[in-house]
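Structure assessment
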Amino acid sequence: MAALLRLVSKQRRTQVALLVTPRSVLRRHSRLIAWKWTYPSRRPGRPPKPETLRQLVVRPARENPGRGYRRIHGELVGPRRDIAASTVRSILKEAGIDPSPQRSDRSWSVFLKAQATAIVATDLFHIDTVFMRRWFVLFFIEHGTLRVHIAGITRHPTGPWVTQQARNYLMDLGDHAQSTRFLILDRGTYFTDSFDAVFQAIGVQVLPTLPQVPRMNSTPNAGSDPAAARPPTAP
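As the structure is a computational prediction, the values presented were derived from the model and not from experiment.

In terms of regular secondary structure, the protein chain is built from 9 helices and 5 strands. From first element to last, N terminus to C terminus, the protein chain shows the α and β order α-α-α-α-α-α-α-β-β-β-α-β-α-β. By the burial criterion, 32% of the 235 residues in the protein chain qualify as buried. Intrachain contacts of the protein chain at a sequence separation of at least 6 include 51% that bridge at least 24 residues. In the structure as shown, the protein chain presents an accessible area of about 16500 Å², 54% of it carried by carbon and sulfur atoms.

With that settled, consider the confidence of the model for the protein chain. In this model, the protein chain carries a mean pLDDT of 78, and residues with pLDDT of at least 70 account for 79%. The spread of mean pLDDT over the elements of the protein chain runs between helix α7 (residues 103-114), the lowest at 65, and strand β3 (residues 148-154), the highest at 95. In the model, residues 222-235 has pLDDT below 50 throughout and makes 14 contacts with residues more than four positions away in sequence or in other chains.

As a further point, take the side chain of Q165. If you trace the backbone, Q165 turns up in helix α8 (residues 159-173). The exposure class assigned to Q165 is buried, which follows from its relative accessible area of 11%. Each residue touching Q165, except ones within four places of it in the same chain, is listed here: L138, A151 and G152.

Counting 19 residues, the largest nonpolar core has F140, L183, F195 and F199 as its most contacted members. When residues of this core are traced back to their parent elements, those giving at least two are β1 (119-128), β2 (134-142), α8, β4 (182-185) and α9 (193-200). A per-element tally of this core places α8 first, with 6 residues. Among all residues touching L183, those that are not within four sequence positions of it are V120, A121, T122, F140, F195, F199, V204, Q205, V206 and L207. Core analysis: the next-biggest nonpolar cluster, separate from the first, contains 13 residues, A61, A85, I91 and L92 among them.

Take the sheet that holds β1 next. With mixed pairing, 5 strands are arranged side by side in an open sheet as β3-β2-β1-β4-β5. Edge positions in the open sheet fall to β3 and β5 (205-208), since each of these has one partner strand only. Each neighbouring strand pair of the sheet contributes to a mean axis angle of 25 degrees, computed without reference to strand direction. Relative to β2, β1 runs antiparallel, the two being bridged by 9 bridges. The residue of β2 that forms the bridge with L124 is L138. Helix-sheet contacts for α9 involve β1, β2, β4 and β5, and the interaxial angle to β4 is about 155 degrees.

On the surface, a nonpolar cluster with roughly 390 Å² of combined accessible area is contributed by I33, W37 and Y39. In this fold, W37 is placed in the loop between α3 (22-36) and α4 (51-63).

To continue, consider the environment of P160. Take P160: it is sitting in helix α8. Judged by its relative accessible area of 64%, P160 falls in the exposed class. With 30 residues separating them in the primary sequence, P160 and Y190 have C-alpha atoms 7.9 Å apart.

Conventions and cut-offs
Residues numbered from 1 in each chain as written. Predicted model: local features only at pLDDT ≥ 70, side-chain atom pairs only at ≥ 80, totals over all residues. Heavy atoms only, no water. Helix = DSSP H or I, 4+ residues; strand = E, 2+ residues; numbered from the N terminus. Buried < 20%, exposed > 50% of the residue type's maximum accessible area, 1.4 Å probe, protein only. Contact = heavy atoms within 4.5 Å. Areas by Shrake-Rupley, 256 points an atom, 1.4 Å probe, with all protein chains shown as cover. pLDDT = per-residue confidence, 0-100. Core = buried A, V, L, I, M, F, W, Y, C linked by side-chain atoms within 4.5 Å. Pairing = 2+ DSSP bridges. Axes fitted to C-alpha atoms, helices over the stretch in contact; angles between N-to-C directions. Patch = residues over 30% accessible without salt bridge, like charges linked within 9 Å, V, L, I, M, F, W, Y side chains within 5 Å. Salt bridge = Lys/Arg side-chain N within 4 Å of Asp/Glu carboxyl O.

Encoded structure:
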């Protein structure tokens, strides 16, 4: 209709009874022009990465959240020598994965969750009797089950006493002690080298927490409150 109206003079157009409004005619005319001069478009930029390459990059990043794009690029240099570090970074960004994860605070939480069944933490808490006498309780807590083992109680915790209680604790565990791989403790003076040697003798790695970082001694199932990981106090 728009094409035919171009053959009619402006004076005759005012005398023609149109079935549509002039605005509709103009709109259809603009579409007709756009259709005539529209060519098949090509996607700008480089061609998309092969799906196999994308899987090689995304899979290790999801299985190991602590790895950055440079670490993944180094692992792919052997089988894929033609891939650049920037390509690995762009693939991770397109997949919604942080190319450079923050390891300072996230790697520890990932470690606690991944190794929960093999982690045991130890510490002392105190209780006050009705006569205001303070007693110190040495305990061990399994991260996987949150089971608390009371190792001993004393009014004056010392290095030799804590070390002996550690030996007794391992004797009570028996063969179950072989499943422990990591022991988390703070930097208390009663945790001496002799105490560490008791666990290192059975292949347990002792991991002291950083100064003034109580969250490092919290359990992975205790939520965001570090106090949730503390053992119940005696009445």
